[in-house]
Amino acid sequence: MNDNNIEWTKLAEVNSFQDNPQQLLKIKRDDILVIKDEEKFYAINNRCPHLGLALNLGGCDMKDKTVHCKFHSSDFSFETGEVKEWLNVCLLYTSPSPR
């Protein structure tokens, strides 16, 4: 524990992110997605805010700096947590057939 009453726990080696820049780490009950982008590291909860499904399954877009929820076609900034695209789904609507 340091002077600010923060306890640090080592979860992974920094070098392990060279070959695998996106890693899912377990911290107590939570799955945390850690993303290395250039020389920075970002850690986000691996749960989609809509239904709590796993975000890591949709992958990351390193150019746009987003993580994608494949279940809801939604994108979130891994830098800020901002919603970049929400429920970007196309629904097919058909009108009733004439009688």
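For the structure itself, look to the data block above.
Residues numbered from 1 in each chain as written. Predicted model: local features only at pLDDT ≥ 70, side-chain atom pairs only at ≥ 80, totals over all residues. Heavy atoms only, no water.

A. Highlighting the sheet that holds strand β4 (residues 60–61). Ordered by their spatial adjacency, four strands build an open sheet running β4-β5-β6-β7, and the pairing between neighbours is antiparallel. Of all the strands in the sheet, the pair left with one neighbour each is β4 and β7 (83–85). As judged from the two bridges shared by strand β6 (residues 74–77) and β7, these two strands associate in the antiparallel manner. Looking at β7, one finds that F76 is bridged to V83. (Pairing = 2+ DSSP bridges. Helix = DSSP H or I, 4+ residues; strand = E, 2+ residues; numbered from the N terminus.)

B. Spatial organisation of the pairing of strand β5 (residues 66–69). Both β4 and β5 contribute to a ladder of two bridges, which runs antiparallel. Considered in β5, the bridge of D61 is made with T66. Where β5 and β6 come together, four bridges link them in antiparallel fashion. When the bridges of β6 are listed, C69 appears paired with S74. Hairpin remark: β5 followed by β6, antiparallel, with four residues in the connecting loop; positive phi at S73, about 50 degrees.

C. Just the side chain of D75, in detail. Here D75 shows up in strand β6. Of the side chains with opposite charge, K84 lies nearest to the buried D75, which makes no salt bridge, at 10 Å. For D75, the side chain forms a polar contact with the side chain of H68, separated by 2.6 Å. In this view, D75 contacts T66, V67, H68, E82, V83, K84 and E85; residues no more than four positions away in its chain are not counted. (Buried < 20%, exposed > 50% of the residue type's maximum accessible area, 1.4 Å probe, protein only. Lys, Arg positive; Asp, Glu negative; His and termini not counted. Salt bridge = Lys/Arg side-chain N within 4 Å of Asp/Glu carboxyl O. Polar contact = N/O pair within 3.5 Å; in protein donor to acceptor, adjacent residues only side chain to side chain. Contact = heavy atoms within 4.5 Å.)

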